[in-house]
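Here is how the chains run, residue by residue.
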Amino acid sequence: MNKQELAAIAKAMVAPGKGLLAMDESNRTCNKRFEDVGIAPTEENRRAYRELILTTPGLGTAISGAILYDETIHQAKKDGTSFSKLLTNAGIIPGIKVDTGAKDLAGRPGEKVTEGLDGLRDRLAAYYKLGARFAKWRAVIKIGEGIPSHGCIEANAHALARYAALCQEGGLVPIVEPEVLMDGDHTIETCYETTEQVLHIVFNQLYAQGVAFELMILKPNMVMATVTCLLQTVPAAVRGVAFLSGGQSCALASAHLNAMNAKYSSQLPWPLTFSYARAIQQPALQLWHGLPANVKVAQDALLYRAKCNRAAREGKYSEKMEVAEPALVAAEGLHSHLGSQD
Ligand code: 13P
């Protein structure tokens, strides 16, 4: 592990005024999102859509790093420039999702465990060669009747910790994402308690596996009193907190991040930023429709959301920013119905 290199990457990922763009939807999730808006689920459309995102002029002014999917990191722009190179040229750090998805947990109906540890050391080395400097692993915790079980939380936390240790060994900064899903009819108190419990167990496991907190980024869900929950559970050494949007509307995801930064940022040990997928991409996806003629308007929508979140990262976002762009607000109205990714 080159600690200095890892420290520099982790610092850059949560640099002031910047956040992460999650564009690591699996082919299945990406195809589903395409079908929801009438785009054919083909490999070329996935490539063209990712090219649209990665060639958005000015994206690097608000985005520090982009999380790619295995298919995407092997793809290239029409002119042959690899997506990884395109990102580096734009001043954006390439990252890669390395888990292989949440699978049914044996003996625990309704619960999942995220897989992907087998062969991970070699896969990380290959991704590093392709330009990736950070990675992501997402654990999924569902709240329901009698769940999550301790066994499910512990299995997921253990896998997250083994993944994070391998990343640091291999020169990639791990994003540790234990997502407590907001879907369901549980109360906000239950969501808080579950998130608190999950984060405690995750950090215990990270400690047990020797993960350096200052060389990792936490990617949590938001809860009702997010900052209180994080202060109770997240070590001060953690380099940064980059939230997932979790199905919130674009405007709400910006407003919530903004509220936390406006009120608390000077009192917190870690920067709070974004690592959104749906809450940055969705208006662009809807405006694109798979048509080359719509690329410009879709890129404008993407950059607009990135800028709203850049403002929220600084506590300077205001709802007026939404009113200023009514076409984009209308385009995002549909997106809160979309399911989370795998
Ligand atoms: P959302 O912002 O759409 O929740 O996705 C973030 C993510 O990367 C989930 O793993």
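Attention shifts here to the state of the cysteines. Scanning all chains against the criterion turns up 0 disulfides. Take Cys152: it sits in no disulfide, and the sulfur closest to it among the cysteines is that of Cys191, at 15 Å.

For the protein, per-residue confidence averages 95 on the pLDDT scale, and 95% of positions sit at 70 or higher. Every residue in residues 333-337 scores below 50 in pLDDT, and together they form 9 contacts with partners more than four places removed in sequence or on other chains.

Judged by nonpolar contacts, the single largest core of 106 residues is most densely connected at Tyr163, Leu206 and Leu272. Of all the elements, helix H7 (residues 150-170) adds the most residues to this core, at 10 residues.

A separate point is unusual backbone geometry. Here the residue pair Ile147 and Pro148 is connected by a cis peptide bond, since its omega of 10° sits within 30 degrees of zero. Along the chain, the position of Pro148 falls in the loop between strand E6 (134-141) and H7. One non-glycine residue, His289, lies in positive phi territory at about 60°. Relative to the helices and strands, His289 is located in the loop between helix H11 (278-288) and helix H12 (295-313).

Below, the discussion takes up the sheet that holds strand E7 (residues 173-180). If you trace the 8 strands once around the closed barrel, you get E1-E2-E3-E6-E7-E8-E9-E10, paired in parallel fashion. Looking at chain direction, strand E1 (residues 19-22) and strand E10 (residues 272-276) are connected through 2 bridges and run parallel. Paired with Leu21 across the strands is Tyr276, a residue of E10. Sitting on the sheet, H7 touches E6 and E7, and the angle it makes with E6 is about 180°.

The environment of the ligand is formed by 13 residues, the closest being Lys136, Lys219, Ser245, Gly246 and Arg278. Separating an oxygen atom of the ligand from a side-chain N or O atom of Lys136 is a distance of 2.5 Å. Here an oxygen atom of the ligand and a backbone polar atom of Gly246 are 2.7 Å apart. In isolation the ligand exposes 310 Å². Once the protein is present, 99% of that is buried. Every element with two or more residues in the shell around the ligand is listed here: E6 and E10.

What counts and what doesn't
Residues numbered from 1 in each chain as written. Predicted model: local features only at pLDDT ≥ 70, side-chain atom pairs only at ≥ 80, totals over all residues. Heavy atoms only, no water. Disulfide = S-S within 2.5 Å. pLDDT = per-residue confidence, 0-100. Contact = heavy atoms within 4.5 Å. Core = buried A, V, L, I, M, F, W, Y, C linked by side-chain atoms within 4.5 Å. Buried < 20%, exposed > 50% of the residue type's maximum accessible area, 1.4 Å probe, protein only. Helix = DSSP H or I, 4+ residues; strand = E, 2+ residues; numbered from the N terminus. Pairing = 2+ DSSP bridges. Axes fitted to C-alpha atoms, helices over the stretch in contact; angles between N-to-C directions. Near = heavy atom within 4 Å. Polar contact = N/O pair within 3.5 Å; in protein donor to acceptor, adjacent residues only side chain to side chain. Areas by Shrake-Rupley, 256 points an atom, 1.4 Å probe, with all protein chains shown as cover.

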